[in-house]
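Structural description and commentary
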Amino acid sequence: MNVVAALRRLPPLETALFVLGVVVAVALATGAGVEQQPLPLDSFSSYDAASGGYRAYYSLLERLGVRVARFERRPAFLGAGIDTLAYVEPYDFDPRAVRLTAADLAALEAWVRAGGRLLYVGRDDVAAKNGLLHLPFSTRESTRAHVPFIAAQIARDDVRRVRAETHYRWKPSKRRFDVLVDDGRGPLAVTYAFGRGRVTALIDEGLLRNDGIGTPDRARLGYALAAPGRANGTVAFDETPHGYIVEAQWWQVVPRAFAIAIGIAFAAIVIALAGAAVRFGPPIVPIERRERSSADFVDALSSLLERGNAVRK
């Protein structure tokens, strides 16, 4: 009975708030524990330091003096500040992957055509079929070995031999592209012009993963493929397809002049409402319009004489 009486004396509002706070804290702690569990799947993200990430590749370029960054916005925000965009194709079944929309793909193509450089790692035959960026098709490696080939622009970075992990190679196409690396089973890396820009396609994501880039030739190959075209150019790793994206607000998407015009119009509306609601001076009394009588004339004349001290009584 003493316990029941003590519980009855507790303030109900404070008790309910305390219980609610405990429930929310437990829910947040449980949710945070679930989110921290990594998926047993290669992410190909420059944030990922596990075996299937690209953190080592990012750090390698940074240590070699390349200006690197991470791009976490829609392709519409690509600008001249980025020299090379590294796009690594995620797995189709990766739940963290963010797929690009038709508008995103159009913006990406427009950026490359305007002079951007794209380093594409992976393969996507559906995109190739749709003509996106003129990407080449993939095919199985040739069972008939031929002479390996390393292009001069890659060999000057001391790349001698590349051992691939994938069984896929780039398929020869009617569109002309230059082979950069051929391991004797087919092209692994190719490059071609796209408008005023350039696309470099590497078919094997495993060559640049954290657990594989330590091989000397792979590290040199990664540097040769991503080296910016101009001095102090920035190499940005596109993290959007790996789930890292900063959603843009409408005022960041519309043209700057339009956003400024909206801001001025909103400020004018606020000032008008404030002026209508708050009185800043005495009210204006409208002038009364009526016909004057002789009595009004007499009163006015007497007031005038009084002000001039011309009246005794």
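Criteria and thresholds
- Residues numbered from 1 in each chain as written.
- Predicted model: local features only at pLDDT ≥ 70, side-chain atom pairs only at ≥ 80, totals over all residues.
- Heavy atoms only, no water.
- Phe/Tyr/Trp six-rings, centres within 6.5 Å; stacked < 30°, edge-to-face > 60°.
- Helix = DSSP H or I, 4+ residues; strand = E, 2+ residues; numbered from the N terminus.
- Buried < 20%, exposed > 50% of the residue type's maximum accessible area, 1.4 Å probe, protein only.
- Salt bridge = Lys/Arg side-chain N within 4 Å of Asp/Glu carboxyl O.
- 1 Å grid on protein atoms, 1.4 Å probe; cavity = no way out; pocket = protein on both sides within 12 Å on 5 of 7 lines; lining within 4 Å.
- Points joined across faces, edges and corners; volume = space filled by probe spheres on them.
- Nonpolar A, V, L, I, M, F, W, Y, C, P; charged D, E, K, R; others polar.
- Core = buried A, V, L, I, M, F, W, Y, C linked by side-chain atoms within 4.5 Å.
- Contact = heavy atoms within 4.5 Å.
- pLDDT = per-residue confidence, 0-100.
- Pairing = 2+ DSSP bridges.
- Axes fitted to C-alpha atoms, helices over the stretch in contact; angles between N-to-C directions.
- Polar contact = N/O pair within 3.5 Å; in protein donor to acceptor, adjacent residues only side chain to side chain.

Taken as a whole and assessed by the stated rule, the structure comprises eight aromatic pairs. Arranged with centres 4.6 Å apart and planes meeting at 40°, the rings of Tyr-47 and Tyr-244 form a pair that is tilted. Residue Tyr-47 is found in the loop between helix H2 (12-35) and helix H3 (55-63), and its partner Tyr-244 is found in the loop between strand E10 (234-238) and helix H8 (250-253); the two are separated by 197 residues along the sequence. Relative accessible area serves as the criterion here: at 33%, Tyr-47 is assigned to the partly exposed category. A relative accessible area of 37% places Tyr-244 in the partly exposed class. Seen in terms of ring centroids, Tyr-54 and Tyr-57 are 6.0 Å apart; in terms of plane orientation they differ by 70°. Their pairing is edge-to-face.

This brings us to the pattern of salt bridges. Tallied over the full model, the rule gives 16 salt bridges. In this structure, Arg-230 and Asp-83 form a salt bridge, with 3.1 Å as the shortest nitrogen-oxygen distance. Taken together, the residues span a long stretch of sequence, with Arg-230 in the loop between helix H7 (216-226) and E10 and Asp-83 in the loop between strand E1 (67-71) and strand E2 (84-88) at a distance of 147 residues. The class for Arg-230 is partly exposed, based on a relative accessible area of 41%. Asp-83 gets classed as buried once you look at its relative accessible area, which sits at 5%.

Once that is clear, we can look at the layout of surface pockets. By volume, the largest pocket is sized at about 400 Å³. Lining the largest pocket we find 18 residues, and of these Glu-89, Pro-90, Tyr-91, Arg-123 and Glu-205 sit closest to its centre. Taken together, the residues that form the lining of the largest pocket break down as six nonpolar, three polar and nine charged.

This part takes up unusual backbone geometry. For Phe-44, which is not glycine, the phi torsion reads 60° and is therefore positive. The topology assignment puts Phe-44 in the loop between H2 and H3. Accessibility expressed as a relative area gives 3% for Phe-44, which makes it buried.

To continue, consider the nonpolar core. In this structure, Tyr-57 and Ile-154 are the most contacted members of the largest nonpolar core, which totals 55 residues. Not counting chain neighbours up to four residues away, the residues in contact with Tyr-57 comprise Leu-119, Leu-208, Asn-210, Ile-213, Gly-222, Tyr-223, Ala-226 and Phe-237.

This part covers the confidence of the model for the protein chain. Looking at the protein chain as a whole, its pLDDT mean stands at 84, while 83% of the residues score no less than 70. Within the protein chain, the element-level pLDDT minimum falls on helix H1 (residues 2-9), averaging 55, and the maximum on strand E3 (residues 117-121), averaging 97.

Here strand E5 (residues 149-150) runs beside strand E7 (residues 178-182); their pairing, made up of two bridges, is antiparallel. For Phe-149, the partnering residue across the bridge sits in E7 and is Asp-182. When E7 meets strand E8 (residues 187-194), the two strands line up antiparallel, connected through four bridges. Bridge pairing in E8 places Asp-182 opposite Pro-187.

A few words on the sheet that holds strand E9 (residues 197-202). Overall, mixed pairing links the eight strands, which are arranged E1-E10-E2-E3-E9-E8-E7-E5 in an open sheet. Only two strands of the sheet have a single partner each, and these edge strands are E1 and E5. For E2 and E3, the ladder comprises five bridges, and the chain directions are parallel. When the sheet's bridge partners are listed, Tyr-87 is paired in E3 with Tyr-120. Where helix H4 (residues 102-113) meets the sheet, it contacts E2, E3, E8 and E9, and its direction lies at approximately 115° from that of E9.

So, on to empty space enclosed by the protein. Tallied over the entire structure, the rule returns one cavity of 30 Å³ or more. The space that makes up the largest cavity amounts to roughly 40 Å³. Lining the largest cavity are Phe-44, Ser-45, Ser-46, Tyr-54, Ala-86, Val-88, Phe-237, Asp-238, Glu-239 and His-242. When residues of the lining of the largest cavity are traced back to their parent elements, those giving at least two are E2 and E10.

Its location among the elements puts Asp-183 in the loop between E7 and E8. Polar side-chain contacts of Asp-183 include one of 2.7 Å to the side chain of Arg-169. A polar side-chain atom of Asp-183 sits 3.0 Å from the main-chain amide nitrogen of Arg-185.

This part covers H7. Of all 11 residues that make up H7, eight are buried, and the element is covered over most of its length. Taken residue by residue, H7 has Asp-217, Arg-218, Ala-219, Leu-221, Gly-222, Ala-224, Leu-225 and Ala-226 as its buried positions.

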